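# Coordinate analysis (summary)
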Amino acid sequence: MQDLYRRAARDIAGARHIVALTGAGISVESGIPPFRGPGGIWEKLDPMEYAHIDAFMRDPARVWRALIADMKAVLDRARPNDAHKGLVRLEQMGKLKTIITQNVDGLHQAAGSSDVIEFHGNFAWQRCLACGQRVATAELDMAEMPPRCACGGIFRPECVFFGEMIAPVNLSRSQNAAAQCDLMLVVGTSAMVQPAALMPAIARQAGATVIEINFEPTPLTGQVAHYSLLGKAGETFNAILAELAAESEAGPHAEDIR
Ligand code: OAD
């Protein structure tokens, strides 16, 4: 594993334009459960019954009670972890330019990343289905289910439900970012949901090195990814950053000495 950390550190050191694609796994160490896999939300709830726009429109109170209210409670408590902070560090080093995230938790921005494309929207805001009024999720009156606007309309989070389109600006910005990078870091995504899961293939097709960081193998492993670092995202970032620091301390001739 140490060899792979070193390889990743060298690839990062040699890169000029890094883009990251992140998924729920990057926020697991912040206390947010993933969707798939052990402890995942879709183990308990069928996504087509609770995360499809048709299910929400059919019975908003049911979806609010079973999914959205819990999500609010969990996200209220969550703070960025070492993986979010590691990406900030790569931005400060002038390497990382853009993060494409499937997450709606706002933790990349909370950590200090400046260019974050929220591919599936965000949970920080709610919009009234009747009049379009927006309110911050933090300000929402949760006494009534579903929460309602002063006009009587129902609030929905500004997240993308299954069955809805990705905002065209997010899709085109993500495709451009993927095509322009020379290194893509794919962190904590099962790569099961399209079109987000296509971004690593776009990057690879355009000539970028694709490095995956995940707790377990995914459809990208051994395929689209040039190599995969299996482990928790926060610990993996710390190991890579330690290698990067060691490389820069050792200086440009480190290779000759070893
Ligand atoms: P998933 O829940 O599908 O996948 C999470 C991935 O993170 C899995 O591959 C896990 O192995 C990995 N993982 C878990 N813990 C980890 C850790 N500590 N460190 C590193 N990796 C870890 O999440 P996404 O791929 O983001 O969409 O899911 C994509 C979309 O499906 C979500 O945006 C959401 C969901 O349904 C919508 O709601 C539209």
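Model, not experiment: these values are computed from the prediction. (Residues numbered from 1 in each chain as written. Predicted model: local features only at pLDDT ≥ 70, side-chain atom pairs only at ≥ 80, totals over all residues. Heavy atoms only, no water.)

### Observations regarding the overall build of the chain
From N to C terminus, the chain includes 11 helices and 9 strands. Taken over the C-alpha atoms alone, the chain extends approximately 70 × 35 × 30 Å along its principal axes. Out of the 258 residues in the chain, the part that is buried amounts to 48%. Considering only intrachain contacts with a sequence separation of at least 6, the fraction spanning at least 24 residues in the chain is 67%. If you sum the accessible surface of the chain, you get close to 12300 Å²; carbon and sulfur atoms cover 52% of it. Distance from the positive charge centre (24 side chains) to the negative charge centre (29 side chains) of the chain: 2 Å. (Helix = DSSP H or I, 4+ residues; strand = E, 2+ residues; numbered from the N terminus. Buried < 20%, exposed > 50% of the residue type's maximum accessible area, 1.4 Å probe, protein only. Contact = heavy atoms within 4.5 Å. Areas by Shrake-Rupley, 256 points an atom, 1.4 Å probe, with all protein chains shown as cover. Lys, Arg positive; Asp, Glu negative; His and termini not counted. Charge placed at Lys NZ, Arg CZ, Asp CG, Glu CD.)

### Quick notes on the sheet that holds strand 6 (residues 155–159)
Read from one edge to the other, the open sheet built from 3 strands follows the order 5-4-6, with strand pairing classed as antiparallel. Across the chains shown, the open sheet's two edge strands, defined by having one partner strand only, are strand 5 (134–136) and strand 6. Ignoring which end each strand starts from, the neighbouring axes of this sheet average 40° apart. One ladder, built from 3 bridges, connects strand 4 (residues 121–128) with strand 5; its direction is antiparallel. From the neighbouring strand, W125 faces strand 5, where its bridge partner is A136. Across the sheet, helix 5 (residues 60–77) touches strand 4 and strand 6, and the angle it forms with strand 4 is around 125°. (Pairing = 2+ DSSP bridges. Axes fitted to C-alpha atoms, helices over the stretch in contact; angles between N-to-C directions.)

### Some thoughts on the pairing of strand 1 (residues 18–22)
With respect to burial, strand 1 is a largely interior element, 5 of its 5 residues being buried. Burial of the side chains of strand 1 extends over both faces: I18, A20 and T22 are buried on one face and V19 and L21 on the other.

### Let's talk about the site of the ligand
Contacts to the ligand come from 23 residues, most closely from F35, R36, T189, S190 and N214. Take F35: an N or O atom from its main chain is 2.7 Å from an oxygen atom of the ligand. Note that an oxygen atom of the ligand is positioned 2.6 Å from one of the side-chain N or O atoms of S190. Burial of the ligand by the surrounding chains reaches 93%, relative to a free accessible area of 790 Å². (Near = heavy atom within 4 Å. Polar contact = N/O pair within 3.5 Å; in protein donor to acceptor, adjacent residues only side chain to side chain.)

### Details of the environment of Y50
Along the polypeptide, Y50 turns up in helix 3 (residues 47–50). Y50 sits in the buried class, given a relative accessible area of 14%. Sequence separation of Y50 and P60 is 10 residues, and the distance between their C-alpha atoms is 9.3 Å. When sequence neighbours within four positions are dropped, the list of residues in contact with Y50 reads L45, A55, R62, V63, A66, L67 and F161. In terms of polar contacts, Y50 uses its side chain to reach the side chain of R62, at 3.2 Å.

### Side note on the sheet that holds strand 7 (residues 183–187)
The parallel open sheet is built from 6 strands, whose spatial order is 3-2-1-7-8-9. Each edge of the open sheet is held by one strand with a lone partner, namely strand 3 (116–118) and strand 9 (227–230). Strand-to-strand twist of the sheet, defined as the mean angle between neighbouring strand axes without regard to direction, takes the value 15°. The pairing of strand 1 with strand 7 spans 5 bridges and is classified as parallel. Its bridge partner being in strand 7, I18 is matched across the sheet by L183. With respect to the sheet, helix 1 (residues 2–14) is in contact with strand 1, strand 7, strand 8 (209–214) and strand 9, its orientation differing from that of strand 9 by roughly 125°.

### Quick look at the side chain of N122
Its place among the elements puts N122 in strand 4. Among the polar contacts listed, one links the side chain of N122 to the side chain of E118, at a separation of 3.4 Å. Within the local environment of N122, its side chain forms a polar contact with the backbone nitrogen of W125, the two atoms lying 3.4 Å apart. Those residues in contact with N122, other than ones at most four positions away along the chain, are V104, E158 and C159.

This is a description of form; function is not addressed.
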